[in-house]
Amino acid sequence: MLRVVECYSRSVSHGAAEIGGSQDAVEQLLTEMPQALSTYGTPSHRLEEAMGLCAAKMGVQAEFFSMPTAVLCSIGSGEAMRTHIVRVMPGDVNLEKLDRVDDVLGKVFRRRVTAAEALAEVREIRAAPVRYAGWMTVVSCGIAAACAARFFGGAWVDAAAASAIGLIVGVFAMIASRRRQVSRVTDFASGFVAAALANLLTRVDGGLTPSVVTIASVIVLVPGLTLTVAINELATRNLVAGTSRLMGALMIFLSIGFGVGIGQALTAGLAAAGEADVPMPAWSQALAIAVVPFALTVLFRARPRDIVVIVPAAAIGYYVSRLGATWAGPEIGAFVGAIAVGLYANGYSRVSRRPTAITMVPGLMMLVPGSIGFRSVSSFLADDVLAGVETAFLMVMVATAIVTGLLLANVLLASKQSL
């Protein structure tokens, strides 16, 4: 046994020596880097591929198994194999930190840093404060809600009401980020407040559409992106990660929907119906497309300079998907929209040598079927089982169409980046 351990130590030391680091630094790097990648929103299949290549570049035999709440890192082989279980607390997507970790990965691949230097950089990235202040996140939630109301066909009054309620939802989210106990009821509380206030505001303006206001005001919480990532992981045969992420998305849908159901039930007698206001003019759509990327930049923690590539991604995703939906239905619209976003993101990644997520995530936000899933839960709560089943099936089909489009885009134009 001592000989086996000695051989393992020599093999890891040899790999560490290749990049100028110690054995301990190599092991720590191979456990802390996947933890950072998972926290900042890297899908399981990309994380496993990137870390496997990282270990190979260091001359170390290692295998990785990623799940939404944990990463298993097995280093070595045979009886000398050591398995580390790294706990991951799922966090919000942070495109800036993901970009910085990807840069460290690139340095390791090109042997420009030692394991100790790479480890120090990863720890510095993880310890760095959030770029945007809390009030900026709150304001971005309000902006995103107003733009969503326009995308859902609401009037000016709907956009104003959704923006106001979205600010409240943003405050809830900011408090939840600092208190774990509060975070567990944020989805329910946001759905309840959104539905209740939407009904109450009809007494101020009877032309307000409560359903549009409700879904638009909680749009930043609806896990459409999580659902799409889960389907992507299932499609790439990461069954455990995909299933657990899918169940997580379902629970968020149910929490928001349950809150909305209670809010509507308690305020139904206070709502005042009236004639719907005139929809917004056509030019407001272009305005929303130009404005929403600024909110997405803050919500996804991207660098401010990345707005110049995020705006085209959002426009491509929205307009191509709408064109496809007009031509052949929402599923085809999501499919061609995903192809367009994927090609744009991969092309940008090839030119800039930066992660595809920087442009792909904001672009996909214009495609993800979160609003459809929300309507499905609302239909079930209203005892309209047939409509609930139909919208749930449509949600899954749209998510599948998006994933298929992304996979096809990767075949047509590979990004050549690990992340």
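Report on the accompanying structure. (Residues numbered from 1 in each chain as written. Predicted model: local features only at pLDDT ≥ 70, side-chain atom pairs only at ≥ 80, totals over all residues. Heavy atoms only, no water.)

Things to note about the overall build of the protein chain
Summing up its helical and strand segments, the protein chain has 18 helices and 3 strands in all. Out of the 419 residues belonging to the protein chain, those deemed buried represent 51%. Of the contacts made within the protein chain by residues no fewer than 6 positions apart, 74% connect residues no fewer than 24 positions apart. Accessible surface, the protein chain: about 18,600 Å² in total, of which carbon and sulfur atoms supply 64%. (Helix = DSSP H or I, 4+ residues; strand = E, 2+ residues; numbered from the N terminus. Buried < 20%, exposed > 50% of the residue type's maximum accessible area, 1.4 Å probe, protein only. Contact = heavy atoms within 4.5 Å. Areas by Shrake-Rupley, 256 points an atom, 1.4 Å probe, with all protein chains shown as cover.)

Observations regarding helix H11 (residues 224-235)
The terminal C-alpha atoms of H11 lie 17 Å apart, and with 12 residues this matches the ideal 16 Å at 1.5 Å per residue to within 8%. Arg-237 lies just past H11 and shows a positive phi near 70°. (Expected span 1.5 Å × (residues − 1).)

So, the side chain of Thr-267
Looking at the secondary structure, you find Thr-267 in helix H12 (residues 239-267). Not counting the four nearest positions on each side in its chain, Thr-267 is found in contact with Ala-195, Ala-196, Asn-199 and Leu-200.

Looking at a positive patch on the surface
A surface patch of positive charge is lined by Arg-110, Arg-112, Arg-350, Arg-353 and Lys-416. Considering the arrangement of structural elements, one finds Arg-350 in helix H15 (residues 330-352). (Patch = residues over 30% accessible without salt bridge, like charges linked within 9 Å, V, L, I, M, F, W, Y side chains within 5 Å. Salt bridge = Lys/Arg side-chain N within 4 Å of Asp/Glu carboxyl O. Lys, Arg positive; Asp, Glu negative; His and termini not counted. Charge placed at Lys NZ, Arg CZ, Asp CG, Glu CD.)

Regarding a nonpolar patch on the surface
There is a patch of nonpolar side chains on the surface, built from Trp-156, Trp-283, Leu-287 and Val-291 and spanning about 420 Å² of accessible area. At 3 residues, the largest contribution of residues to the nonpolar patch is made by helix H13 (residues 283-299).

Describing unusual backbone geometry
Positive phi, close to 70°, is recorded for Arg-237, a residue that is not glycine. You can see Arg-237 is positioned in the loop between H11 and H12. A positive phi is found at Arg-301, a non-glycine position, where the angle reads about 55°. By secondary structure assignment, the location of Arg-301 is in the loop between H13 and helix H14 (307-328). The buried category is assigned to Arg-301, whose relative accessible area is 16%.

Notes on the nonpolar core
Grouped together as the largest cluster of nonpolar side chains are 95 residues, with contacts concentrated most on Leu-29, Leu-30, Met-33 and Leu-364. Ignoring any residue separated from it by four or fewer positions in sequence, one finds Met-33 in contact with Met-51, Val-101, Val-104, Leu-105 and Val-122. (Core = buried A, V, L, I, M, F, W, Y, C linked by side-chain atoms within 4.5 Å.)

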